[in-house]
Amino acid sequence: MVSTRRTASRRSESISLKAQRRRRAYLLVAPAIILIALMMIYPIIQTIYFSFSKVQLPALRTTFVGFDNFMRILNNPETGPLVQRTLVWIAGSVALKMALGLIAALVFNAKVRGTVWMRVLVILPWAIPSVVGANLWRWIVQTDAGVLNQTLRSWGLESWALNWLGDPSTAMFTVIVAYSWGGFAFVMLLILARLQGLPEDINEAARVDGANWWQIFRYITLPSLSGVLAVALILEIVSGMNSFDTLMIMTGGGPANATRIWGIDIYKTGFTEFNLGGAAAQSVLMFAAVIVVFSIYGGVNSRIARRQGEPA
Amino acid sequence: MTAIPSIGRPKTAHDYAMRQMIGTVGKYALVYGLGLIFVLFSTLPLIWGISTALKVPSEVYAFPPSWIPTTLTFENFLLVVQNKNLLRAFLNTLIIASGTTFVALIVGVLGGYGFARYHFPGRNMLLWSVLFTKLFPRVVVIVPFFVTLRNLQMMNTYQGLILVYLMVTFPVAIWLLKGFFDKIPVEIEEAAVIDGCNLPQLLWYVILPMSRPAMIAVAMYSFILAWNEFLFALVFTNGLERRPLSIALAFFIDENGIRWGELMAASVVMSLPAIIVFSFAQKLLVRGLSDGAVKG
């Protein structure tokens, strides 16, 4: 940084320079501030305001209704199953992505010839647009002509050929697999980046001392991955909470609401049932949930940092 | 690790070498075996999509399914190119993604530089707000964005979509560029200032030329985010006029149902830019994505 304070005699000049620098700094970040105000602060205020209102389309006339929208959510018999489905979705997709991501990272971290091109191929699903991934899987699991069922039939496994997306009992499982297919590479890349930064000589020393593969993994690798695993976990929980694309395109929340999770519910309440107040109330609740998740994460994170003797 | 049985005699150097060799072979087998499973899981769906796109309609639904088309045809791709609605959607996406990228770069360079070089009251709070905007659930803001865009009469316009897409791209632009600017030695800038450079000149003639790699990464990343975006496009467009490619592909259906061959061909076309960009900028992107979350 350009030093502005050299001698006491130039103090008055340095104060005006400092003010000038500050003005300049604000000028530089002004577009960002405007965007934050427009895209975060204003929407939050607007959503909270709407959540206490009845909003009438098309004029968007609002009438204050107090806690009506929230009471309606609370008293809605559909809310329980909605929360349950959302939790199943988050738990299922996060578990699958983390497991696949961790194993893939360990496999592709091995210094074995030929793994580099394998890694590139494994990353491909993450790179393709979610719309394309969702359509691809919709085509694969198609009941009659889909390659999955066709293959199962040609192997004589007729009874395994299911109506994957049309049957409420298999739809959630199918979308979880499709979603994890498109997302596990991100977890893998996060973990790989950390693995490659770890010093190899510790493992070597442990091996000389007679530690086997599992012991090295359990007592050396895993502890040093805890930070990045926590980050991946938190990011995946939040993105699972409000995921939309894959579900919307593959099932639209169906069949019989079997894959209608929280994010889909907000969209449908607002824009197919035109209940903007209700959608806003849902949004406020989800927003609160996201903040809770981040706070828990922040708390745990700083406690770990303190235990390890680093400044939080 | 496999242990070599050694009955009654002390282990020789030969035993250790054997053991090590078996360990190495086992490691190779495990890595290649698991690696191959991951490769198949990741690529088989893609190969199936590409294979479908290259088939004649009658073969698309053939039983048993063929992984390699018996008659290779580009008919489906031709249909995609001739489809006026798809071309329109393609053009829309191109305009919106380019606009978003351009604005994100401007905001990113200015903000990134401001945050990297100046310490001012509220700096940390603002940096965290930027990060939070990135992690902010998009679904939560569709209601207020809908109202705002309607009030600004920007529903179904390029400007409106660019504005909402910025929410996704500008935080990444700022964080990535700030990280890059942090590493540029200040001495270079001091020299330029002594030579009489003012701030805009400094940015234009000194900082930007040095930041080309970071700028390219940010541009590619925000272009792809905008290219793939689905939720905002769904809520803030209606009709064919401003509909981007993602929406066109999501509702790719006519009175005869879904023509899967054509849809897969269009999907291949839509995926190409994303795959090209990701293969170039993979490492940078992961750093940009994780940096913000890992440290302040």
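All figures in this text were calculated on a predicted structure; none of them were measured in a lab.

Enquirer: I'd love a proper account of the overall build of chain A, names of residues and values included.
Expert: Within chain A, the secondary structure is distributed over 12 helices and two strands. Tracing chain A from N to C terminus, the helices and strands come up as α-β-β-α-α-α-α-α-α-α-α-α-α-α. Taking 2.2 N^0.38 as the reference for a compact globule, 312 residues should give roughly 20 Å; the C-alpha atoms of chain A span a radius of gyration of 26 Å, well beyond that estimate. The buried share among the 312 residues of chain A stands at 50%. In chain A, of all internal contacts separated by at least 6 residues, the share reaching a separation of at least 24 is 61%. Working note: accessible area of chain A is about 15,300 Å², and carbon and sulfur atoms make up 63% of it.

Enquirer: Account for the confidence of the model for chain B, with residues named and values stated.
Expert: Residues and elements named next belong to chain B. Of the residues in chain B, 91% reach a pLDDT of 70 or more, and the chain-wide mean stands at 86. Every residue in residues 291–296 scores below 50 in pLDDT, and together they form 11 contacts with partners more than four places removed in sequence or on other chains. Across the interfaces of the predicted complex, the ipTM metric reaches 0.86, alongside a pTM of 0.87.

Enquirer: I'd like a description of a nonpolar patch on the surface, backed by residues and values.
Expert: All names here are of chain B. Judged by side-chain polarity, Leu36, Leu40, Leu44, Ile47, Trp67 and Ile68 come together as a nonpolar surface patch covering roughly 560 Å² of accessible area. For Trp67, the position within the fold is in the loop between α2 (57–60) and α3 (75–82). For Trp67, a relative accessible area of 35% puts it in the partly exposed group.

Enquirer: Can you lay out the pairing of strand β2 (residues 61–64) of chain A for me, pointing to particular residues and giving the numbers?
Expert: Sheet topology places strand β1 (residues 53–56) of chain A next to β2 of chain A; four bridges connect them, and they run antiparallel. Across the sheet, Lys54 of chain A pairs through a bridge with Thr63 of chain A, a residue of β2 of chain A.

Enquirer: Could you give an account of the interface of chain B and chain A, naming the residues involved and the relevant values?
Expert: Facing 90 residues of chain B, the contacting portion of chain A comprises 90 residues. Between chain B and chain A, the buried area comes to about 8,300 Å², and carbon and sulfur atoms account for 82% of it. If you look at where chain B meets chain A, you find zero salt bridges. Seen at the junction of chain B and chain A, the total is nine residue pairs in polar contact (both at pLDDT 80 or more). When residues of the side of chain B that touches chain A are assigned to their parent elements, the largest contribution, 17 residues, is made by helix α1 (residues 13–53) of chain B. Taken together, the residues of the side of chain B that touches chain A break down into 67 nonpolar, 18 polar and five charged.

Enquirer: Lay out the side chain of Lys178 of chain B in plain terms, naming residues and giving numbers.
Expert: All names here are of chain B. Note that Lys178 resides in helix α7 (residues 158–182). A relative accessible area of 12% means that Lys178 is categorised as buried. A polar contact of 2.8 Å, which involves the side chain of Lys178, links it to the side chain of Asp182. Ignoring anything within four residues of it in the chain, the contact list for Lys178 reads Gly112, Phe115, Ala116, Arg123 and Leu127.

Enquirer: Before we move on, can you summarise the environment of Met98 of chain A with the specific residues and values?
Expert: All names here are of chain A. With respect to the helices and strands, the residue Met98 is situated in helix α3 (residues 79–109). In this structure Met98 comes out as buried when scored by relative accessible area, which is 14%. For the pair Met98 and Ser180, spaced 82 residues apart in sequence, the C-alpha to C-alpha distance is 9.1 Å.

Enquirer: Summarise the side chain of Ser246 of chain B; cite the residues concerned and give the values.
Expert: By the element assignment, Ser246 of chain B lies in helix α12 (residues 245–250). Judged by relative accessible area, which is 1%, Ser246 of chain B ranks as buried. A polar contact of 2.7 Å, which involves the side chain of Ser246 of chain B, links it to the backbone oxygen of Glu229 of chain B. For Ser246 of chain B, the residues in contact, after removing those within four places along its chain, are Val131 of chain A together with Asn228, Glu229, Phe230, Ala233 and Met270 of chain B.

Enquirer: Would you mind going over the packing of aromatic side chains in detail, with residue names and values included?
Expert: Enumeration according to the criterion identifies 33 aromatic pairs over all chains in this entry. Each residue in the set Trp139 of chain A together with Trp48, Tyr61, Trp67 and Trp260 of chain B is aromatic and connected to the rest through ring pairs, giving one cluster. Across the ring face of Tyr179 of chain A, the terminal group of Lys97 of chain A is positioned such that the distance to the ring centre comes to 3.9 Å.

Enquirer: Any chance you could break down the nonpolar core for me, citing the residues and the numbers?
Expert: One finds Phe232 and Phe236 of chain B to be the most contacted residues of the largest nonpolar core, which totals 184 residues. Non-local contacts of Phe236 of chain B, meaning those with residues more than four positions away in its chain, are made with Ile142, Phe145, Phe146, Leu149, Met155, Asn156, Leu161 and Val164 of chain B.

Enquirer: Provide a residue-level description of the pairing of β1 of chain A, including the pertinent values.
Expert: Residues Ser53 and Val55 of chain A point to one face of β1 of chain A and are all buried, whereas Lys54 and Gln56 of chain A, pointing to the other face, are not buried. Between β1 of chain A and the antiparallel strand that follows it, β2 of chain A, lie four residues; Leu60 of chain A among them carries a positive phi value of about 60°.

Enquirer: With reference to specific residues and values, describe the packing of helix α7 (residues 168–195) of chain A against helix α9 (residues 213–241) of chain A.
Expert: Residue and element names in this part refer to chain A. Contact geometry for α7 and α9: axes closest at 10 Å, N-to-C directions at 150°. Regarding the angle of α7 to α9, the classification is roughly antiparallel. Classified by chirality, the crossing of α9 by α7 is right-handed. Contacts between α7 and α9 involve Tyr179, Gly183, Phe186, Val187, Leu190, Ile191, Arg194 and Leu195 on the former and, on the latter, Thr221, Ser224, Leu225, Val228, Leu229, Ala232, Leu235, Glu236, Ser239 and Gly240.

Enquirer: Lay out unusual backbone geometry with the relevant residues and their values.
Expert: Backbone torsion omega between Gly254 of chain A and Pro255 of chain A reads -15°, so that peptide bond is classified as cis. Within the fold, Pro255 of chain A resides in the loop between α10 (245–250) and α11 (262–271). Its identity is not glycine, yet Asn156 of chain B carries a phi of approximately 65°, on the positive side. Relative to the assigned elements, Asn156 of chain B resides in the loop between α6 (142–151) and α7.

Enquirer: If you had to explain the pattern of salt bridges to someone new, which residues and values would you point to?
Expert: This model, assessed by the stated rule, comprises 10 salt bridges over all chains. Linking Arg207 of chain A and Glu204 of chain A is a salt bridge whose minimum nitrogen-to-oxygen distance equals 3.2 Å. Within this pair, Arg207 of chain A and its partner Glu204 of chain A are both found in helix α8 (residues 200–208), separated by three residues, close to a single helical turn. A relative accessible area of 38% places Glu204 of chain A in the partly exposed class. Close ionic contact of Arg138 of chain B with Glu229 of chain B constitutes a salt bridge, the shortest N to O distance being 3.0 Å. Note that Arg138 of chain B is positioned in the loop between α5 (123–135) and α6 and Glu229 of chain B in the loop between α10 (212–228) and α11 (231–236), a separation of 91 residues in sequence. Note on Glu229 of chain B: relative accessible area 3%, which makes it buried. Salt bridges sharing common partners tie together Arg260, Asp265 and Glu273 of chain A.

Thresholds applied
Residues numbered from 1 in each chain as written. Chains lettered and ligands numbered in written order. Predicted model: local features only at pLDDT ≥ 70, side-chain atom pairs only at ≥ 80, totals over all residues. Heavy atoms only, no water. Helix = DSSP H or I, 4+ residues; strand = E, 2+ residues; numbered from the N terminus. Rg over C-alpha atoms; globule rule 2.2 N^0.38 Å. Buried < 20%, exposed > 50% of the residue type's maximum accessible area, 1.4 Å probe, protein only. Contact = heavy atoms within 4.5 Å. Areas by Shrake-Rupley, 256 points an atom, 1.4 Å probe, with all protein chains shown as cover. pLDDT = per-residue confidence, 0-100. Patch = residues over 30% accessible without salt bridge, like charges linked within 9 Å, V, L, I, M, F, W, Y side chains within 5 Å. Salt bridge = Lys/Arg side-chain N within 4 Å of Asp/Glu carboxyl O. Pairing = 2+ DSSP bridges. Buried area = accessible area lost by both parts, 1.4 Å probe. Polar contact = N/O pair within 3.5 Å; in protein donor to acceptor, adjacent residues only side chain to side chain. Nonpolar A, V, L, I, M, F, W, Y, C, P; charged D, E, K, R; others polar. Phe/Tyr/Trp six-rings, centres within 6.5 Å; stacked < 30°, edge-to-face > 60°. Lys NZ or Arg CZ within 6 Å of the ring centre and 35° of its normal. Core = buried A, V, L, I, M, F, W, Y, C linked by side-chain atoms within 4.5 Å. Axes fitted to C-alpha atoms, helices over the stretch in contact; angles between N-to-C directions. Parallel < 35°, antiparallel > 145°, perpendicular 65-115°, else oblique. Left-handed = near helix turned anticlockwise from the far one by under 90°.

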